[in-house]
Amino acid sequence: MQFRSTGEFSSLSIEEAFKELESSPRGLSEEEARARLSLWGYNEIPEKRMSPVVFFLTRFWGPMPWLLEIAILFSFLLGRTLEGVLISFLLLLNAIIGFWHRWNSTKTVELLKKNLHVSARILRDGEIKIREARELVPGDVVYLKQGDFIPADLKAFRGEATVDQSAITGESLPVSVKEGGILYSGSILKRGELKALVLNTGIRSFYGTSLELVRIAQPKSHQEELILKVIRYSLFFAMFCALGASVFGIFAGLSLITILEFDLTVLMGAVPVAIPVMLTIVQAAGAVELSRKGVLVTRLDSVEDAASCDILCLDKTGTITENRITVEGVIPLEGNEEEVLLWAGLASEKDSQDQIDSAILSEIEKRKIDLSTYRRLSFIPFDPETRRTEALVANEGGQVRALKGAPQVIAELFTLEKKDRANLEGIVEEFSKKGARSIAVAIEREGRARVLGVIGLYDPPRKEAFSTIKKLKKLNVKPIMITGDNILIARQIAKLVGIGPRVRSFAELKELPDQEFASALEQLDGIAEVFPEDKYQIVKHLQEKGHIVGMTGDGVNDSPALKQAELGIAVENATDAARASASVVLTRPGIDVILDCLILSRKTFQRTLTWILNKIIKVVEFSALLTLGFLWLRTSVLPLLYMALLILANDFATMSLATDRVEFSSSPNVWNVKNIALAALIPGLLFFVEDALILIWGKSIFPLPQLQSLVLLALVFNSQMRIMLVRERRHFWSSLPGRALTLAFLFTLVTFSALAVFGVVFYPLSLVVVLGLFLFILACALIIDFPKFYLFRKLLQT
């Protein structure tokens, strides 16, 4: 079998293509597929990955490494060789720690990506099997339906469909593909169903597109934007302090070296060295925790942004209900129940895996109704726009057109007498009151149409739906049920699961002016008779009213709404197109997993908030103390080496915040920069007053070298106490920190105390001084905690 480009196959007939690829409409055997896989390789394009060495070297590039590297150069130029060597060691140690955390988090994300693969229905050994699309080989036969990604370059040989090739060609209008037509990898099947022959895979496909469903991207989230704003203002504050002190130093006749050393020390304290690692860890840790609960994150920033979600639009089918459809009953308008089921069965497709078709065919099998005397000539699968399926069948009596679909659609297709329409509506209402969906069945023979009857289909609510809806409301998230079913069914299901009684049809809402429409949506508990494309309008109008919206969906037409929502949720068994548009993908059924997602996102919010509060307090405290020390002592109270040690001490605990034990808030979280800054400013000033008292006391007792050691140790102790205070929105003793943070806290205190007592790097301080300093700082922390508690309660969400 020789390689041919996809373009060359377009000129071949279907028979010639099968012959060229040594295949048949029955597909390949498993043995032959394995042989071709070893010859052609997997249907994927290898990604270029950064080597661990290069990844490690990136730890020496960036604002913080630059400052440390300048400090090293500065030390060597001034002849402080030991100081230069020690700062170099600290730079290396910080790079190793950062690399370890970042690399592990990146590998974790890569593992998550493997769970987001595209699946394909492959015909092997004459049977349809669900396999990863990467296992496709030239010569395979695949079955495609609405919403599927095209997993390789294909040639259609049965059926017809509309395909969206905009991602490949840039053409916005869908393209019609019939038997013999070519489909390119990466396109999306928008309508219809096809059987197709695989022509080329992987790097040999026409565009060589990657077959990943999604790449886990890290676009700038709301939280990251806020963090960058905090960093920017922190740097401005530090630069203002440095500039003011520099001007003073110039007029005071201080040396340029002394001024530059001070400036460098202040900037080193303001630049957040741990932020890239901390953000990656907090996002990856959240994604891993969610994956264990059946939620795969396709956009890491969604783990954070979902914390602000205050309205959750829930698909009834499959999310609130079990998506396990059974035939509730059959009510004939003509003939008997068996005849209604027979024609419904002929208008169904076994291989489509459609829930309604499966339920009807299962009931037919149970009643032993024989379909074998009929031959199907053509079949048009279900389309959300037409809301029906139809088939052309033949038997001894001639050709018959069989249809099944929404009762209102079937009623409009055929002119019904007033009595028949009333009967149909009565049956639909009867089923609706039981919470059952109605499917009308009709036939057309020789131009004469007959509506035979109605099949009632029931999809029961999930056992956990009622309790989960109750918990959502406790989190102050408003659930709105979205369904294509009629208003009677919607009201019944909404009542059963405790969502609420206020349910209206989308058609009724559309009659309202835009402003009234949006206001009405806010008040509703459910919306009935919704088409998939209507969901986008629902999300858009709610967002225009200032809401952060979550939306569930499963079909190709749900994609715009999933992409528009801040939290787009593709439910279990969603189409590839829906999963690609969503920010999270559910791997198990139910609504409780969505609750887990919201709770975890709020915990992530609290961890990030702790980091921001800690950063603001630290910059205020640190910059003010260094400036005071410089103005008073005419030199830096922290040499560059001590500054590097302080950064290292702070990083251990700061990175541990990413997995710290936290309480989630009872309401959706909203970033309020002004309140956060005010909540952090006063504790920062109080910590500065505490440090100033230590500086004044130390100045009266110790010479400069020991005073600098005392200040360093005080700042190290305070950095740990500060984290313990800000991690808890109540009094700091209200909850225990996580294991990693506790270990980092104890390790830092013990290590730096030992270094000070034994005079390693430090100028030695006595054990009495070290213990006395720690007790003083602990007492101050207890005092500062009370105004902190008041400020956090008044200004921050809890």
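Residues numbered from 1 in each chain as written. Predicted model: local features only at pLDDT ≥ 70, side-chain atom pairs only at ≥ 80, totals over all residues. Heavy atoms only, no water.

A. The arrangement of the sheet that holds strand E12 (residues 388-395) in detail. Pairing in this open sheet of six strands is antiparallel, and the strands run E10-E15-E14-E13-E12-E11 from one edge to the other. Bordering the open sheet on either side are strand E10 (326-332) and strand E11 (375-380), each of which pairs with just one other strand. With direction set aside, neighbouring strand axes in the sheet form an average angle of 25 degrees. In the sheet, E12 pairs with strand E13 (residues 398-405) via eight bridges, with the strands oriented antiparallel. Along E13, the bridge assignment pairs Asn395 with Gly398. Against the sheet, helix H16 (residues 418-433) engages E10, strand E14 (436-445) and strand E15 (448-458), with an angle of about 155 degrees to E10. (Pairing = 2+ DSSP bridges. Helix = DSSP H or I, 4+ residues; strand = E, 2+ residues; numbered from the N terminus. Axes fitted to C-alpha atoms, helices over the stretch in contact; angles between N-to-C directions. Contact = heavy atoms within 4.5 Å.)

B. Here's a closer look at helix H3 (residues 30-40). Every buried residue belonging to H3 is among Glu30, Ala33, Arg36, Leu37 and Trp40, and all of these are buried. Along the long axis of H3, the arc covered by the buried residues comes to 120 degrees, so they all point the same way. Set apart from the buried face of H3 by more than 90 degrees, the exposed residues are Glu31, Arg34, Ser38 and Leu39. Along its buried surface, H3 packs onto strand E1 (119-124) and strand E2 (127-132). Taken from the residues just after H3, Gly41 is the one with a positive phi, measuring 85 degrees. (Buried < 20%, exposed > 50% of the residue type's maximum accessible area, 1.4 Å probe, protein only. Arc of directions from axis to C-beta.)

C. Quick peek at the packing of helix H13 (residues 337-346) against helix H14 (residues 355-366). For the pair H13 and H14, the least separation of the axes is 9 Å and the interaxial angle reads 130 degrees. In this view, H13 runs oblique relative to H14, as classed from their interaxial angle. The crossing of H13 and H14 is left-handed. Here H13 contributes Leu341, Ala344 and Gly345 to the contact with H14, which in turn contributes Ile360, Leu361, Glu363 and Ile364. Among the residues making up the contact of H13 with H14, the classes are represented as five nonpolar, one polar and one charged. (Parallel < 35°, antiparallel > 145°, perpendicular 65-115°, else oblique. Left-handed = near helix turned anticlockwise from the far one by under 90°. Nonpolar A, V, L, I, M, F, W, Y, C, P; charged D, E, K, R; others polar.)

D. Molecular detail of the pairing of E1. The buried fraction of E1 amounts to five of the six residues, a majority that puts the element mostly inside the structure. As paired strands, E1 and E2 are joined by six bridges and run antiparallel to one another. Residue pairing in the sheet places Ser119 in a bridge with Glu132 of E2. With antiparallel pairing between neighbouring strands as the criterion, E1 and E2 make up a hairpin whose turn holds two residues, including Asp125 at a positive phi of roughly 55 degrees.

E. Expanded view of the sheet that holds strand E19 (residues 549-553). If you trace the eight strands from one edge of the open sheet to the other, you get E8-E21-E20-E19-E9-E16-E18-E17, paired in mixed fashion. Each edge of the sheet is formed by a strand with only one pairing partner; in this case those strands are strand E8 (295-297) and strand E17 (503-505). Averaged over all neighbouring strand pairs, the angle between strand axes comes to 20 degrees, with direction disregarded. Inspection of the sheet shows strand E9 (residues 311-315) paired to strand E16 (residues 478-482) by five bridges, in the parallel sense. Each bridged residue has a counterpart across the sheet, and for Leu312 the counterpart in E16 is Pro479.

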